[in-house]
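The chain contents come next:
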Amino acid sequence: MNAGIRALGRIAPQLATLAAILILVAAVFPGFFDISLANGRLYGSPIDILNRGAPVALLAIGMTLVIATRGIDLSVGAVMAISGAVAASAIAQGLGLAATLALALGAGLLCGIWNGILVAVLGIQPIVATLILMVAGRGIAQLITEGAILTFSHPGLLFIGGGTIAGLPMPVFIWIITGLLVGLIVRRTALGLLIESIGVNLRASRLAGINTKILLVAVYMASGLCAAMAGVIAAADIRGADANNAGLWLELDAILAVVIGGTSLLGGRFSILASLIGAMIIQSVNTGILLSGFPPEFNLLIKATIILIILVLQSPRMVAAFRAGRRVRKTAEAKEESAFS
Amino acid sequence: MNARLLPLLATVAIFLAAYAICYAQFPAMLSTRVIGNLLTDNAFLGIVAVGMTFVILSGGIDLSVGAVIAFSGVFIAVVLRETNLPPPLVFLLLLAITTSFGAFMGAVIHYLEMPPFIVTLAGMFLARGAAYLLTLDSVPITHPVFSQIQDLYYLMPGGGRLTLIGGLMLAVVLGGMLLAHRTRFGTNVYALGGGVQAARLMGVPVGRTTIAIYALSGMLAGLSGIVFAIYTSAGYPLATVGVELDAIAAVVIGGTLLTGGSGYIFGTFIGVMIMGLIQTYIIFDGTLSSWWTKIVIGILLFSFIVLQKGLVWISSRERVRPAGAK
Amino acid sequence: QTVGFSQIGSESGWRAAETTLTRMQAEERGITLKFADAQQKQENQIKALRSFIAQDVDAILLAPVVATGWDSVLREAKEADIPVILLDRMVDAPEDLYLTAVGSDLVHEGRVAGQWLVETVGDKPCNIVELQGTTGSSPAIDRKAGFEQAIAGHENLKIIRSQTGDFTRAKGKEVMESFLKAENGGRNICALYAHNDDMAVGAIQAIKEAGLKPGQDILIVSIDAVPDIFLAMAAGEANATVELTPNMAGPAFDALEAYLKNGTVPPKFIQTESKLYTQNDDPAAVYEQKKNLGY
Amino acid sequence: MLESQPLLCARAVTKVFPGTVALDGVDFTLRAGEVHALLGENGAGKSTLIKCLSGALRRDDGDILLEGKAIDPRSTLEAQDLGIGCVYQEVNLLPNLTVAENLFLGHQPTRFGMVRTRVMNEKARACLAQYDLDIDVTRNLDSYSVAIRQVIAIARAVSLSGKVLILDEPTASLDAHEVAMLFKVVRSLRDRGLGIVFISHFLDQVFEISDSLTILRNGQLVGSERAANIDRVQLVNMMLGRELQQETRSTGRTDVRTGSPAIRFRSFGRARRVAPFDLDIREGEVIGMAGLLGSGRTETAELLFGIAPHDSGSAEDGEGRLRLDSPRAAIAHGFGFCPEDRKSDGIIGDLSVRENIILALQARLGWMRALPAREQAAMVKDFIRKLDIRTSDMEKPVGQLSGGNQQKVILARWLATNPRFLILDEPTRGIDVGAHAEIIRLIEDLCEKGMSLLVISSEFDELVTYSHRVIVVRDRRHVAELTGAEITTESMVASIAATGSQGDAA
Ligand SMILES: Nc1ncnc2c1ncn2[C@@H]1O[C@H](COP(=O)(O)OP(=O)(O)OP(=O)(O)O)[C@@H](O)[C@H]1O
Ligand SMILES: Nc1ncnc2c1ncn2[C@@H]1O[C@H](COP(=O)(O)OP(=O)(O)OP(=O)(O)O)[C@@H](O)[C@H]1O
Ligand SMILES: [Mg+2]
Ligand SMILES: [Mg+2]
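Conventions adopted
- Residues numbered from 1 in each chain as written.
- Chains lettered and ligands numbered in written order.
- Predicted model: local features only at pLDDT ≥ 70, side-chain atom pairs only at ≥ 80, totals over all residues.
- Heavy atoms only, no water.
- Near = heavy atom within 4 Å.
- Polar contact = N/O pair within 3.5 Å; in protein donor to acceptor, adjacent residues only side chain to side chain.
- Helix = DSSP H or I, 4+ residues; strand = E, 2+ residues; numbered from the N terminus.
- Nonpolar A, V, L, I, M, F, W, Y, C, P; charged D, E, K, R; others polar.
- Domains from an automatic or database assignment.
- Contact = heavy atoms within 4.5 Å.
- Salt bridge = Lys/Arg side-chain N within 4 Å of Asp/Glu carboxyl O.
- Donors = N, O, S within 2.8 Å, 3.2 Å for Na, K, Ca; no water.
- Disulfide = S-S within 2.5 Å.
- Buried < 20%, exposed > 50% of the residue type's maximum accessible area, 1.4 Å probe, protein only.
- Buried area = accessible area lost by both parts, 1.4 Å probe.

Student: Looking at this structure, how should I read the site of ligand 1?
Tutor: Residues and elements named next belong to chain D. As a matter of local geometry, ligand 1 sits amid 21 residues, with Gly-43, Ser-47, Thr-48, Ser-402 and Gly-404 nearest to it. Note that an oxygen atom of ligand 1 is positioned 2.7 Å from one of the backbone N or O atoms of Gly-404. Among the secondary structure elements, those contributing two or more residues to the shell around ligand 1 are strand S2 (20-31), helix H1 (46-53) and helix H14 (403-416). For the shell around ligand 1, the per-class residue count stands at four nonpolar, 13 polar and four charged.

This is the structure in structure tokens:
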């Protein structure tokens, strides 16, 4: 009960921001909240946001864990490209759906292991360690597709990108279930505590007997796995693996989602749920920009301004000032009350 | 020998060894032409990387620099096209803009206690967005001063050119070394990298220094933009995408710790040269496909970093472990 | 003979096909090709050119990422007596700095697409949505301009929405989805003009998922003529595409050979054909023809 | 000095943290030319008060007067400019700068804006020579141990303070020699007319050096008194608000443990760090480790716990050989280690008191088996009570606890794992007299239950109180082992000084 209230308090700023953005978009584009049901599929801009936000949401799940350990994973965009390419070429070789998915996710895991080993065992700084795969990974993906878009039409694979269950697009299910699952694993076991501990003070954590190396490798593996899922979804969405562009610059969006979600880039306390809301905030901004009909040369400026406003409002100083203001008001009220009594 | 120098020495050693290997394979690599090209072609990267080194030494990061370079080029081109202000004045104006932009980001980082990664990411969007507003197209710069500057070079024996912008980069590196290692400001930068809280308690003017660091980075990004404009005689809003990552990589390869507080400006210079060498090598080889190019760049980056780690590790084994080190 | 080739990068299937064809052409003629991928960065292309000059290659092929900024490096090449041939995009430099340019006229491509639409629609009112290329890139700017020229003066044709799709399928699909939402489920839209085929392919999926029939409910015209758009045309889901041939190297090498052998100076611009393909051009057959060219 | 007027004066200073009133209208008066001790239990608000005085924290209410003029330092820089220098409890220096740079940061000698490094290094050497410290000032600070850093921090603050010098537990983990040097400097500053604030839990030192005392309890002023007018017992009563029964011994414990050793180390060592040594640890035995600053005690402990792997010798228990190549391995064998540098090696600052306490136990259980919330709460409550950890809430981030309470949390973390062999490196560093007694009692209790302990301490008295055996370390070498009645402060000092010249810090 108490914990529930605390958790809600944790994500309150993100929820408020999301609501504000949605209202803003609805003001610019009146039909925004309309949702209709057509051929067994829910249809409407809010659904689009949930659906289009799937890759960033998935990336944000893994990224949250990595950032909580005081790391960062720049390679997720490239890993998306790799896993998409692996999936497309595997299905083209005539492999079954299960084998294809296993291969694609396995490729993501492998990338994660590579990053993790660089960070945990070789002690390379995370930005640089993952920068290597960010550069080389896209090359690997292109090597698989030979620079072309590998198209496919396997119905099972396509279902992952475009199918619906109970009217909701499949990608929405995937990210929500993944988020729930990871959230549960992390909070029901001691994993969350250990990850946060590493992020705050790696050396002290090691001295307390935490197996920091394995744990670090594990979070990068989780990030790789999430990126692989995002990659498969992105490929299935356009019915082809576009190694050149899949996931391009999405790592920045994912990091942004995590930060908007209130997890510090200096590691420590994290919240998967808040990061997911952060991802939806970003997607709402993107969709809002598209719906608004401004010319594209304004896209970056609008996005930058909105992000700045969000971050300024959520910055520690502002939050502190807000709280202080509230306290002053409260004490003032209390004084008035006592004056009456 | 001072243990702090180890990563730097390792970097220099690796660079020399790598150059020797390249030379063995392609003797033309040792021509003054190639050396001149290395300096000229990487001048803008070198300048911006010096600014980035200060930022990283202080424990921050500046993702906006690539966009600021693009903005600078566009600004110069558009202003020169639309007005008849003399180029030096335009340069000054531009430096004033980029410096204040950097200072503004520094102020946001300091006063709002926001992470540099995110503030400068937004700065990156802003700067490129502003470039788009000025023009969408690439704008040639036809002012005669530009071609005059381009023709300023010292012809080295063997046909290589030591250009003005190459020289400017060397000057910036030297200036950066002085600033970082010989001034109070420089020590304050290292102090911030060692720990903001401790630095504050020791009386480092944290706010002023943070703002100055990002202002410096902004200014050098502006300078780099000028150099890039001279280099290409044009302004283009899509130019130098991702240069911030190149700069970060150069800084790190140069032996500076991303966590801040440890590293050398000269190392960054070597880092830039290593990046240039990798590219030159790949072009000289000329057989790699687009994708293999990327993969090989990744492999080479990896090898440099691992070699450097290895060298530092081997030589530090000889030393006594620092007690209570973090 | 050694020829250096500075390619922009590998951002699309079309670009990959151009690279493949250039390699094939070089191999056929026994030319050693030094290939340099610039990863979308002009500075890398300049570096590549300088390195080619330092290696003293016999000629240089350059597919410039942007029009401006080549003067000084081209002058260096000229001083070193190395002929430079431009591929598929033009530069903003004095003509004497390069031997010739092989390419298509980007504005013309846009115009061809626009003319097709003008003719197809006749004088029915038609709201057009436009998927632009990467903001600021020259194909995006020129293809937009050409298209607008073609429809200018036809009051019934109006571009009601225009947004960038970054030349990619995924963005094309996402942006098209928002167009459909914004324009009354797509019922306001009569035609889509996409700056490249990839975005069109993405948009076609979005249109289908919205329950409309691409090619009928919404006319679709795009540029490049990559194989996948022919599949769509064969299925009646796309209407027209303007070809941008990836074989720029063939004519380039021809011109180079003539020039090196007996000093024949080629014309300054060798324009490739901007051929319009519609559903009547047996798209299935064209697909078969194109599918193994490395797109 | 003449009977001096108030130099620094705090009136009704109040500081509130979420959940805690750290200072509640505290008055404090420091006169020129006096050493003024600030005393109180852990969490009483001492550090908070001096942080408010020196600009590190902003007070919520109250006035601060310097020489009669109201001041309001917003940063330590401003305070330094006003002539107030301060050494904070957690040594706040920069590990990545050289010793000289740390000493002169912000005040480097310059010419034409360029720092004159050579001059600075010269001055740094001269400055440290006053403390008998002869180290390479061009090396990074992180090559030196906590104790040396403490001396450097003091030297820096002394050189910065024109009027007021504030020292927050400067002598924790300094050895007697260093303390004597420090006091010499402090006295000379006092004689020059500075006002000096001195915080310490070592009452002997307090009585030795201070002229006046101010006592805080729970953020409130208990009283101020001339040192001459108060005795030790009164003082403790004022601090704790109750009486303390304390047992001290003048020689080591006589209930010598016999029986076969539970853990045997044989020629255990590491090249260039610690010369190989033999060590037997018996069940229920407390082994003290004595030595001077930098003698290699911490390094020995780190070797035993597998932080720095040994490269010679072996360890075994009744069952067989022990692999000790990482902390994890050591913990698996039932070892525990409470480090000296609690800030970087001990606390996980942003995590709560509860999480910090269960951390080692949880790490041993593995990530799959999370301790049930109820069990955690019960265990944590128990330790908070037993060790008297002052915190408003067990969910409070441990970084917000006072220094001494942080130390107790780390101790609790290891006690929670119920180890068979626990290494404590300066466990009572910064712990108040009350808790000190508690912890010593706890140590003795644990031994009764069969736990073996290795305790490193710079307090020889303390070692005498609880050790069955004392190992003396000098120059990274175990030079003597004292047992039972041999254990006296004098014998320890004697064996440290046994060979050659003074084993000073150099
Ligand atoms: N940043 C903070 N946030 C919240 N509470 C704090 C913070 N800093 C100190 N406190 C609280 O203020 C009280 C006083 O702490 P302070 O550090 O002044 O104690 P102290 O007397 O120095 O104790 P010690 O002898 O252990 O050093 C403690 O209860 C502590 O938990
Ligand atoms: N006087 C000194 N000169 C040079 N280095 C020293 C000196 N004193 C300590 N050191 C450094 O500090 C370390 C001393 O080891 P260690 O931390 O084990 O000492 P200690 O006995 O625990 O003493 P303390 O913790 O009280 O300083 C060594 O690594 C050494 O490099
Ligand atoms: Mg304290
Ligand atoms: Mg020690």
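From this point, the discussion proceeds with the structure in view.
Student: Would you mind going over the domain arrangement of chain A with me for this structure?
Tutor: Residue and element names in this part refer to chain A. For chain A, the domain assignment lists domain 1 (42-292) and domain 2 (294-332). Between the C-alpha centres of domain 1 and domain 2 the distance comes to 28 Å. With nine residues of domain 1 at the interface, the matching set in domain 2 holds nine residues. Close ionic contact of Asp-253 with Lys-303 constitutes a salt bridge, the shortest N to O distance being 3.3 Å. The tally of links between domain 1 and domain 2 comes to two residue pairs in polar contact (both at pLDDT 80 or more). When residues of the side of domain 1 that touches domain 2 are traced back to their parent elements, those giving at least two are helix H12 (250-260) and helix H13 (272-292). By residue number, the principal contributor to the side of domain 1 that touches domain 2 is H13, which donates five residues. Of the residues that constitute the side of domain 1 that touches domain 2, the class distribution is six nonpolar, two polar and one charged.

Student: Explain the coordination of the magnesium ion (ligand 4) to me, please; I cannot follow it from the model alone.
Tutor: The reference angle at a metal is 109.5 degrees if four donors form a tetrahedron and 90 or 180 degrees if six donors form an octahedron. Note on the magnesium ion (ligand 4): its protein donors are D:Thr298 (OG1) and D:Glu340 (OE). The metal-donor distances range over 1.9 to 2.5 Å. Of this pair, D:Thr298 sits in helix H9 (residues 297-304) while D:Glu340 sits in the loop between strand S18 (335-338) and helix H11 (342-346), and the two are 42 residues apart along the sequence.

Student: Can you help me understand the state of the cysteines in this one?
Tutor: A covalent bond bridging the sulfur atoms of two cysteines is what the word disulfide describes. Here the structure, examined in full by the defined rule, presents one disulfide over all chains. Note on cysteine connectivity: C:Cys126 is disulfide-linked to C:Cys190, with sulfurs 1.7 Å apart. As the torsion about the S-S bond is roughly -85 degrees, the C:Cys126-C:Cys190 disulfide counts as left-handed. Of the two residues, C:Cys126 sits in strand S6 (residues 126-132) while C:Cys190 sits in the loop between helix H6 (169-182) and strand S8 (191-194), which places them 64 residues apart along the sequence. In terms of burial, C:Cys126 and C:Cys190 fall into one category: buried. The structure places no disulfide on D:Cys338, whose sulfur is separated from the nearest cysteine sulfur, that of D:Cys447, by 15 Å.

Student: Honestly, the interface of chain A and chain B in this entry has me stumped. Any pointers?
Tutor: Interfaces are frequently sized by the accessible area removed from exposure as the parts join. Each side of the interface is counted separately: chain A has 43 residues, and chain B has 43 residues. Interface area for chain A against chain B, summed over the two sides, is near 3800 Å², with a carbon-plus-sulfur share of 83%. For chain A, the biggest contributors to the area lost against chain B are A:Gln125, A:Leu300 and A:Arg317; these three give 15% of the whole. The interface formed by chain A and chain B includes three residue pairs in polar contact (both at pLDDT 80 or more). Contributions of two or more residues to the side of chain A that touches chain B are made by helix H5 (97-121), helix H6 (126-145), H12, helix H14 (299-314) and helix H15 (316-340) of chain A. For the side of chain A that touches chain B, the element with the most residues is H6(A), which contributes 12 residues. Per-class residue counts for the side of chain A that touches chain B are 31 nonpolar, six polar and six charged.

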